[in-house]
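Coordinate analysis (summary)
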Amino acid sequence: MFKPIARIVIPLLLLFVFFVAAGGALAQFDVLYEEDREHLNGDTDEEEDVEEEEADEEPETIIKRPKAETCPEMPEGIVIIGFVAPTQCQQLTLGGIGRVDLIQLGVADAADIWGVVPGSLDICFQQSGYLVFLDAADSPRTLAPLLSFERDGMTCGRIDRPGTVVLLHNPYPFASPLVPASAPEPEADAEAEAASASVTEAVAESAPNCIVKLTEALFLREAPGGRIIGIVWMNSEVPVYETAGDWYKIDFEGQPGYISRDYSKLLSGDCG
C-alpha cells in the first residue's frame, strides 16, 4: 500500500525541490543581470554623484559691461571734436601705425578712430606738422593726404569714416602736395569770426564776476551744452562773466564761450 503512495509522493517532492532551487537560481541570475546591465549602460554611482554636483552648481552669471567712451579720455596732446557715444578713439604708437615710410618721415603723433564715425569729425594735435589718413575701409589701409587746418593753435584734420590720422614732421611725397594749415570752410569761419568778435566786444565792456582755475581740460562751447568751439586746458585761469546754471561764460585767449563749472576752483571774486 505504501509503495504506490511513495511512488506518487517522492516524484512530487523532487519536483517541488527542483522548482525551489530553480527559483533561487533565477533570482540570483536576475540580480547579476541587473548589475551587469547598469555597468554596461554606464549607470554608475560615480556618474550620479557628478550629476548631483552639477545640479548643485549655480549657473554662471554673465555681466555685460557698457562700452567706455574713449574719445573724451584721449591724451592731452590730442583732441577729438564732434564724436558720438559709439565713436571709439585711441592714440597709436609707431608699432600700431606699422608703416616704415611714415616712420622715416618722423611721426609726431597718431590717432585711430573706429566704431560709428559721424559725417564730420575733427582730430586735432597740439603739435604742428602734416596730416595723412590711413583709410580703414581698405585692407591694407590706403594712404591719402588729409587737408589740415588750424584751430586754437592746434593742427586739425577732418574725417568722415573710420581710420588712422597721422601727424608727420615732414610732408609725404604725394603726387599732389599736402595743403598746410588752412581752414576748410572760409566763408563759415568768417561768419563765426564776426560773431565771435561781437561777443568779445560785449564781454570786454563788462568786468568779470570772478576768476577760476580749471582742474581738468574742458570743451569751450558756443552755448551751454552747445557746439564745441575750442578747448580750455587744465590749470588755465579764466575770467567768468556770467553764471548760467551749471555753466560759466568765460573768455579764454580772446575766445568767448561756455564751460562746465564742475571742474574749476574759485581764485577770486564771487561767481554766484
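Residues numbered from 1 in each chain as written. Predicted model: local features only at pLDDT ≥ 70, side-chain atom pairs only at ≥ 80, totals over all residues. Heavy atoms only, no water.

Considerations on the state of the cysteines
Tallied over the full model, the rule gives 3 disulfides. Through a disulfide, cysteine 124 is tied to cysteine 156; the S-S separation comes to 2.0 Å. Residues cysteine 124 and cysteine 156 share a disulfide whose torsion about the S-S bond is about 110 degrees; that sign makes it right-handed. Placement of the pair is cysteine 124 in strand β4 (residues 121–125) and cysteine 156 in strand β8 (residues 154–159), with a sequence separation of 32 residues. Given the relative accessible area of 0%, cysteine 124 is considered buried. By relative accessible area, cysteine 156 is classed as buried at 0%. A sulfur-sulfur separation of 1.7 Å characterises the disulfide bridge that pairs cysteine 210 with cysteine 271. Around the S-S axis, the bridge from cysteine 210 to cysteine 271 shows a dihedral of about 95 degrees and counts as right-handed. Of this pair, cysteine 210 sits in strand β10 (residues 210–214) while cysteine 271 sits in the segment after β16 (264–269); the two residues are 61 residues apart in sequence, bridging distant segments of the chain. (Disulfide = S-S within 2.5 Å. Helix = DSSP H or I, 4+ residues; strand = E, 2+ residues; numbered from the N terminus. Buried < 20%, exposed > 50% of the residue type's maximum accessible area, 1.4 Å probe, protein only.)

A short note on the sheet that holds strand β5 (residues 130–135)
Each strand in a sheet pairs with its neighbour through backbone hydrogen bonds, running either in the same direction (parallel) or in the opposite one (antiparallel). The strand order β2-β3-β9-β5-β6 describes an open sheet built from 5 strands, whose pairing is antiparallel. Both outer strands of the open sheet, β2 (87–91) and β6 (142–145), are each paired with one neighbouring strand and no more. With strand direction ignored, the average angle separating the axes of adjacent strands in the sheet is 25 degrees. The pairing of β2 with strand β3 (residues 107–115) spans 5 bridges and is antiparallel. Opposite glutamine 88, over in β3, you have tryptophan 114 as the bridge partner. (Pairing = 2+ DSSP bridges. Axes fitted to C-alpha atoms, helices over the stretch in contact; angles between N-to-C directions.)

Quick notes on unusual backbone geometry
In the segment running from serine 139 into proline 140, the intervening peptide bond is cis, with an omega of 0 degrees. The residue aspartate 152 is not glycine, and still its phi comes out positive at about 55 degrees. The residue aspartate 152 is located in the loop between β7 (148–151) and β8 in this model. Among the residues examined, aspartate 152 registers a relative accessible area of 42% and is labelled partly exposed.

Considering the environment of aspartate 246
For aspartate 246, the location among the structural elements is in the loop between β13 (237–244) and β14 (247–252). If we ignore the near neighbours within four places in the chain, the residues touching aspartate 246 are Ile259, Ser260 and Arg261. (Contact = heavy atoms within 4.5 Å.)

This is a description of form; function is not addressed.
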